[in-house]
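Okay, here's what each chain looks like letter by letter:
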Amino acid sequence: MSIRRSLSAFVAVAIGVTLVAAATLLLASGRPQVPDRLARAAVVVQSPEAGASADSFVPTRPWSATATAGLVGRLAALPGVAAAVPDRTFYAQPLIDGRPAGSDTHEGHGWSSAQLGELRLTNGEPPRRPGEVVVDRALGLRTGAPVTLLTAVGAESYTVTGLVDGLGVHVADEVAATLAPGVRAIGLVLTADADPERVATAARGIVGTDGRVLTGDARGALEPRNDARTRWIGMQVLTATAALAGFVTVFVVASTFAFTIAQRRRELGLLRAVGATGRQVRRMVYGEALVVGASGGIVGLLVGGGLAPLLGWLLVDAGFEPSTFRVGYEPWPVALSLVAGPVISLLAVWSASRRAARVRPLEALREAAVEQRPIGRLRVATGALLVAVGVALSVGTATADEARVAGQYALYAVMALVAGATVLSPAVVGPVVRLLRSPVRRRGGAIGMLVRGGALTATRRTASTAAPVLLTVAFAVLVSGMVRTTTAAYAAGRADNVNVGWIVLPDQAPGLSDQAVAATGGTALLPTTVFRTDPGTAPADRPLTALGVDPAGFAAANRALTVVAGSLDDLRGDDTVVVTASANLRPSEPYAVVFADGTLVSLRVVAVVTDASLPGDLLVPRAVVRTHDPSALTSTVYVRDRIAAPVGARIVDVATWAAEADAAEDRLVWLFTLLLIGVSAGYGAIAVANTLLLAAAGRAADLRLIRMAGATRRQVVWLVTAESALVVLIGALLGGAVAFVGLLSIRAGLAEQVGAPVDLVVPWSVVAGVVGLCLLLAVLASVLPTWRSLRHRPARSSVGVVG
């Protein structure tokens, strides 16, 4: 086995396993963390989960005040329980120098919740009466000083009675019960000799089906919803990176082995000539691949394990993991990474080994470079099947109902199309080169003729070299184009649905208070989560977003609003609701929901609108939301004219609002996009460089023969430069065509979702950067070894066979 020939495959495997090892180690570390404020509660009782998808991150259905009091009394009476404490959470954000404090200090709790966590009173006394508060000492306030808290109602004056060494604000329990009547968790503080599992078993007997009892690491289910969402996004990023790394590694290593086998035809023919069977040749190739895969896997595991902590820190800094994320080393990622190297190599070498076993002794010894066998029927059938699968997935992309599903289909479609194009590429290289024949003939002269002839007579070599470029360009164009097209389409659709001039939004706060809304004089959306009770099913099995609105103002500001039954004017009182057509209800029918305070309320349907009419699931009068959710915050206020923004708010035009509506998520998506492009582009560039280095080393005799025929050193360098440029151009054209199919299907799906034409956004800067990187490395990888090998003019007796 030649170390020089195996180096390219070794590097590809090592890099691939590095990515897989780092990603799986980070995945294994991504378990939910027990919140610090519940760390001392060995047993926690959580309210019932709503029936929602894993990526919805809605809160659990709360218990009402009456149900909470009953549960707390029964749980506190259990043997081994020192205290049963309801954990109440509401919005409360201190104003420092007239501005809301940081976004991580807007949670309020009752003081009794402090005993559930690691919170320590460092100065002063606990709050005992309304108007008293304990705050984080990091805010720089002193005991006895006044402080203004922003609440859902507005700014309220409090007096600081104590300081703690943790985030959040704490008020008297009676105040917390008013601001957060619904409870979602009850922490049990145990006595020193209590057995948590025995207490948990007894608690399950009390709670029954009206909640879950959690102990140990299972308490991580209570981590903040924002942290859970961030952790989920990070898992998607890591999973996609590991999957892409595995796919690209197989792809690149397969191309490398295919190229190496093509270079070794005479060597393999000699083995066949001295008696080696096809099975023995195939076994030899598999053995070499196994050695390369095992050694590359070990190196990749060591490098990936060493990089994992740094990558974990970068994920936290970028917003893909919460601040509580810590990297740990688990056995299964190590085992998976050790197995990944050999498996990837064996999968990659399968096709090349079959080709090696078919080499005939005399054919290999006598074959010239112009004698190329056509690709086999099995390869043609495999390539056609992969292309058909890619086209079918593209159709699925165009007809998907959700952007997330469409994006997944598009990624799989491009994977299939890339694989199919690579399998069929030897048959495609010829037509592409002939298509470029006229420009090359006019401008290339003798060098152009040699470049064209070499590509046409060595289609397998050309295809193997172009394959990494194809992969790199296809993924870069698809992923970046998909993100830009989707972002622009949703922003345009969002702006088109609004019939106002300006939008008031929160500024350094999670939402706007009633006081701020009143100062704007506009039409506000007050969202809250309710839980639908369907007849004949378990209570509150479906979470929904309810919007508290003024019906007249909402109708005037919303162009998309289409009433199909009833009248929006009837949305008044405390028992009315407007639903979407997907609810399959008619006006006057009952509609029972559980609100944020845990109260079950039977509403009456007064109107039905189309599903696209609402930025939520249902409408209720604003006063109803405020009655049942004292901590609900306004998300958006529509105003006709520009006004001075109140405290904790800012005002933007409609276009800016539409572009910023998903700004945080768009930022994460774009960072994810750059990560995927970096993985595929970096891999592709390395593969192009490695393959061309091998090609340059294998063609040294051919190039010396060209010099003997009269070519200057500079002309030979121009020849290999032009060959490299042609290979990159072929790969870029095929990769661009594959990505364009995926982008067209995505555009069709988006147009169906937003109900309007969608412009296809092609990120030409990304395309130019990726192609330019591949071209630069390709030229360097071919020119430098060529220039070095031609430093001395060969003697006239040197003879080589072009191949």
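Residues numbered from 1 in each chain as written. Predicted model: local features only at pLDDT ≥ 70, side-chain atom pairs only at ≥ 80, totals over all residues. Heavy atoms only, no water.

Chemist: Even after reading the chapter, I still don't get the overall build of the chain, so can you show me in this structure?
Modeler: Broken down by element type, the chain carries 21 helices and 23 strands. In the chain, which comprises 803 residues, the proportion classed as buried is 50%. For the chain, contacts bridging at least 24 residues in sequence account for 81% of all contacts bridging at least 6. As presented, the chain carries roughly 35200 Å² of accessible surface, and 60% of it is formed by carbon and sulfur atoms. (Helix = DSSP H or I, 4+ residues; strand = E, 2+ residues; numbered from the N terminus. Buried < 20%, exposed > 50% of the residue type's maximum accessible area, 1.4 Å probe, protein only. Contact = heavy atoms within 4.5 Å. Areas by Shrake-Rupley, 256 points an atom, 1.4 Å probe, with all protein chains shown as cover.)

Chemist: Hey, could you run me through the pattern of salt bridges in this one?
Modeler: For the structure on display, the rule yields 12 salt bridges. Asp87 is paired through a salt bridge with Arg37; the nearest N and O atoms lie 2.2 Å apart. Of this pair, Asp87 sits in the loop between β2 (81-86) and β3 (89-91) while Arg37 is found in the loop between α1 (3-28) and β1 (43-46), placing the two residues 50 residues apart along the sequence. Judged by its relative accessible area of 7%, Asp87 is buried. Between Arg61 and Asp210 there is a salt bridge, with the nearest N and O atoms lying 3.3 Å from each other. In this pair, Arg61 sits in the loop between β1 and α2 (65-76) while Asp210 sits in the loop between α4 (196-207) and β13 (212-215), placing the two residues 149 residues apart along the sequence. Overall, Arg61 belongs to the buried group, its relative accessible area being 14%. A relative accessible area of 27% places Asp210 in the partly exposed class. A single salt-bridge network, built from bridges that share partners, covers Asp514, Arg622 and Arg626. (Salt bridge = Lys/Arg side-chain N within 4 Å of Asp/Glu carboxyl O.)

Chemist: For this particular structure, what's the right way to read α2?
Modeler: Note that an α-helix has 3.6 residues per turn; residues three or four places apart therefore point the same way. With 12 residues, α2 extends 16 Å from end C-alpha to end C-alpha; this agrees with the ideal 16 Å at 1.5 Å per step. All of the buried residues in α2 are Thr68, Leu71, Val72 and Leu75. Taken down its axis, α2 places every buried residue within 100 degrees of arc, on the same side. Facing away from the buried surface of α2 by more than 90 degrees, the exposed residues are Thr66 and Ala69. Buried residues belonging to α2 abut β1, β2, β12 (185-190) and α4. (Expected span 1.5 Å × (residues − 1). Arc of directions from axis to C-beta.)

Chemist: It is not clear to me how the nonpolar core should be interpreted in this structure. Could you clarify?
Modeler: In summary, soluble globular proteins display a tendency toward joint burial of nonpolar side chains. In this structure, Val253, Phe257, Val414, Val418, Ile730 and Val738 are the most contacted members of the largest nonpolar core, which totals 61 residues. The next biggest cluster of nonpolar side chains, apart from the first, holds 24 residues, and it includes Ala491, Val498, Leu525 and Leu547. (Core = buried A, V, L, I, M, F, W, Y, C linked by side-chain atoms within 4.5 Å.)

Chemist: Please clarify how helix α7 (residues 278-318) should be interpreted in this entry.
Modeler: Between its first and last C-alpha, α7 extends only 52 Å over 41 residues, short of the 60 Å set by a 1.5 Å rise per residue. A bend of about 40 degrees at Ala308 is the largest found in α7, and the proline Pro309 appears one to four places after it. With its phi angle positive at about 95 degrees, Gly319 sits one or two positions after the end of α7. (Bend = angle between axes of the 7 residues up to and from the residue.)

Chemist: Sorry if this is basic, but what is going on with the sheet that holds β12 here?
Modeler: Sheet strands associate in pairs through backbone hydrogen bonding, adopting either a parallel or an antiparallel arrangement. The strand order β2-β12-β1-β13 describes an open sheet built from 4 strands, whose pairing is antiparallel. If you trace the sheet from one side to the other, it starts and ends with β2 and β13, each paired once. Neighbour to neighbour, the strand axes of the sheet diverge by 20 degrees on average, direction disregarded. Here 4 bridges tie β1 to β13, and the two strands are oriented antiparallel to one another. Looking at the pairing, Gln46 lines up with Arg212 of β13. On top of the sheet, α2 reaches β1, β2 and β12; it is set at about 165 degrees to β2, its chief contact. In this fold α4 packs onto β1, β2, β12 and β13, with an angle of close to 170 degrees to the strand it touches most, β13. (Pairing = 2+ DSSP bridges. Axes fitted to C-alpha atoms, helices over the stretch in contact; angles between N-to-C directions.)

Chemist: What is the right way to read the packing of α2 against α4 from this model?
Modeler: In helix packing, the relevant descriptors are the interaxial angle and the interaxial distance, both defined with respect to the helix axes. Contact geometry for α2 and α4: axes closest at 10 Å, N-to-C directions at 145 degrees. α2 and α4 meet at a crossing whose hand is right-handed. Taken together, the residues of α4 that come into contact with α2 (itself represented by Leu71, Arg74 and Leu75) are Ala203, Ile206 and Val207. (Left-handed = near helix turned anticlockwise from the far one by under 90°.)

Chemist: Explanation requested: the packing of aromatic side chains in the structure shown.
Modeler: Centre-to-centre distance and the angle between the planes together describe a pair of aromatic rings. Following the criterion strictly, the structure yields 1 aromatic pair and no others. Consider the rings of Tyr638 and Trp657, whose centres lie 6.5 Å apart with planes at 85 degrees: the pair is edge-to-face. Highlighted residues: Tyr638 in strand β22 (residues 636-639) and Trp657 in helix α17 (residues 654-660), separated in sequence by 19 residues. Its end group placed over the ring of Tyr591, Arg532 keeps NZ or CZ at 4.0 Å from the ring centre. (Phe/Tyr/Trp six-rings, centres within 6.5 Å; stacked < 30°, edge-to-face > 60°. Lys NZ or Arg CZ within 6 Å of the ring centre and 35° of its normal.)

Any functional reading would require information that these geometric values do not contain.
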